[in-house]
Amino acid sequence: MFKRARTPEELATKCTDALDKLRRDRANEEQLERVRKYLTEMRTILLSPDVSTQSRALVKAASKVSLATQLVEHLRNLPFETRKDAATVFNCLIRTEVDGQEVVVEELSDSPELLEVIATGYEVTDAALTYGAILRDLCRNQTLVRKILYAESFWKLFEYMQLQTFEIASDAMATFREALTRHKDIAAEFLMANYDRFFKEYTELLEKGNYVTRRQSLKLLGELLLDSANVQVMLKYVAEVENMCFMMNLLRDESKSIQFEAFHIFKVFVANPEKPAMVSTILTKNKAKLITYLQDFQTTREDESFHSERTMLLELLADLPDAE
């Protein structure tokens, strides 16, 4: 005889009960196996090609018993494969609407403590990458990314991106990028509201980070400044002479990749038609040296758009007044 399939309500309730028992005994193999089994069944339902009646029922049932919260709180205590299923179920619960409502998103947005557990999950070495995957999924939701950006725990990403463990540092960078580029209007508002603190942290990251972190951070900075959503941020950044001098130094970095990314930011300072007096003064004073340097700058690079931009930059520099 075939066993009766568990209903969505049963799955959510039984999984929550098993997780609760694991709270008291983390090594309980029987309960670990039950959690594994329930998560596998829920994963199958939630990943069905169409949003079925069953999947919506499961989301409603999960919300009633706060399953998403339970999964986050117990994630670090689950075996690797079970942890992956838990993350998949969690992410599906966030994305599935019921009657036009994001019921699990509403639950999470009212729980800053839970969002902090997720945001600081990079500190749990064994489960860091799973927490990172969950955090990126949260960043894809407009309601939740706003909560994440404006939480104090967001600033810890600057620490995580400099961790010695390469995989975790790279994952933190991917999350940082997602938070700042997925919903551009929200990110632009955040950057303007936190401009001084953000760019102080960012400059330190570019100064102290390892090679990969510096290169990726510099590339992201260029993308942010050149995005039309961040025009106010860009205008403020290129008006500060310290930022330009920093980029001029990076143009001479020992790494050609760092030089290349710095070039794309430096060109914005030169192309700005409303340069502050100090920026114009520094450029004028260094005009001859900059032209000489840029004439031979990465001439072997096979990139037509780069060479066009280099030519444009040389013309803009040549149009500056000569130093007295």
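Criteria and thresholds
- Residues numbered from 1 in each chain as written.
- Predicted model: local features only at pLDDT ≥ 70, side-chain atom pairs only at ≥ 80, totals over all residues.
- Heavy atoms only, no water.
- Helix = DSSP H or I, 4+ residues; strand = E, 2+ residues; numbered from the N terminus.
- Rg over C-alpha atoms; globule rule 2.2 N^0.38 Å.
- Buried < 20%, exposed > 50% of the residue type's maximum accessible area, 1.4 Å probe, protein only.
- Contact = heavy atoms within 4.5 Å.
- Areas by Shrake-Rupley, 256 points an atom, 1.4 Å probe, with all protein chains shown as cover.
- Lys, Arg positive; Asp, Glu negative; His and termini not counted.
- Charge placed at Lys NZ, Arg CZ, Asp CG, Glu CD.
- Arc of directions from axis to C-beta.
- Polar contact = N/O pair within 3.5 Å; in protein donor to acceptor, adjacent residues only side chain to side chain.
- Axes fitted to C-alpha atoms, helices over the stretch in contact; angles between N-to-C directions.
- Left-handed = near helix turned anticlockwise from the far one by under 90°.
- Nonpolar A, V, L, I, M, F, W, Y, C, P; charged D, E, K, R; others polar.
- Phe/Tyr/Trp six-rings, centres within 6.5 Å; stacked < 30°, edge-to-face > 60°.

Engineer: Looking at this structure, I do not really get the overall build of the chain. What am I missing?
Structural biologist: Scanning the chain from terminus to terminus reveals 20 helices and zero strands. Taking 20 Å as the expected radius of gyration for a compact globule of 324 residues, we find that the chain reaches 25 Å, considerably beyond that expectation. When the backbone C-alpha atoms are referred to their principal axes, the chain occupies close to 90 × 40 × 35 Å. A burial count over the chain gives 50% of its 324 residues as buried. Pairs at least 24 residues apart make up 70% of the contacts formed inside the chain by residues separated by at least 6 positions. Total accessible area on the chain stands at roughly 16600 Å², and carbon and sulfur atoms take up 49% of it. Here the chain contributes 43 positively and 52 negatively charged side chains, and the mean placements of these two sets differ by 4 Å.

Engineer: Looking at this structure, how should I read helix 9 (residues 142–149)?
Structural biologist: Quick reminder: α-helices carry 3.6 residues per turn. Residues three or four places apart thus point the same way. Taken together, the buried positions of helix 9 are Leu 144, Val 145, Ile 148 and Leu 149. All buried residues of helix 9 lie within an arc of 135° about the axis, which places them on one face of the element. N-cap assignment for helix 9: the residue whose side-chain oxygen lies 3.0 Å from the backbone N of Thr 143 is Asn 141.

Engineer: I tried to follow the packing of helix 16 (residues 241–250) against helix 17 (residues 256–271) on my own but got confused; where do I start?
Structural biologist: Relative placement of two packed helices is described by the angle separating their axes and the distance separating the axes. Across the interface, helix 16 lies against helix 17 with an axial gap of 8 Å and an inter-helix angle of 145°. Here helix 16 and helix 17 pass one another in a crossing that is left-handed. Seen from helix 16, the contacting residues are Asn 243, Met 244, Met 247, Met 248 and Leu 250; seen from helix 17, they are Ile 258, Gln 259, Ala 262, Ile 265, Phe 266 and Phe 269. The residue makeup of the contact of helix 16 with helix 17, split by class, is nine nonpolar, two polar and no charged.

Engineer: Explain the packing of aromatic side chains here, please?
Structural biologist: The relation between two aromatic rings is expressed through the spacing of the ring centres and the mutual angle of the planes. All chains considered together, the criterion is met by 25 aromatic pairs. Ring centres of Trp 155 and Phe 198 lie 6.5 Å apart, and the angle between their planes is 65°; this geometry places the pair in the edge-to-face category. Of this pair, Trp 155 sits in the loop between helix 9 and helix 10 (157–160) while Phe 198 sits in helix 13 (residues 195–208), and the two are 43 residues apart along the sequence. Both residues of the pair, Trp 155 and Phe 198, count as buried. For the ring pair Phe 199 and Tyr 202, a centre distance of 6.4 Å and an interplane angle of 35° mean the geometry is tilted.

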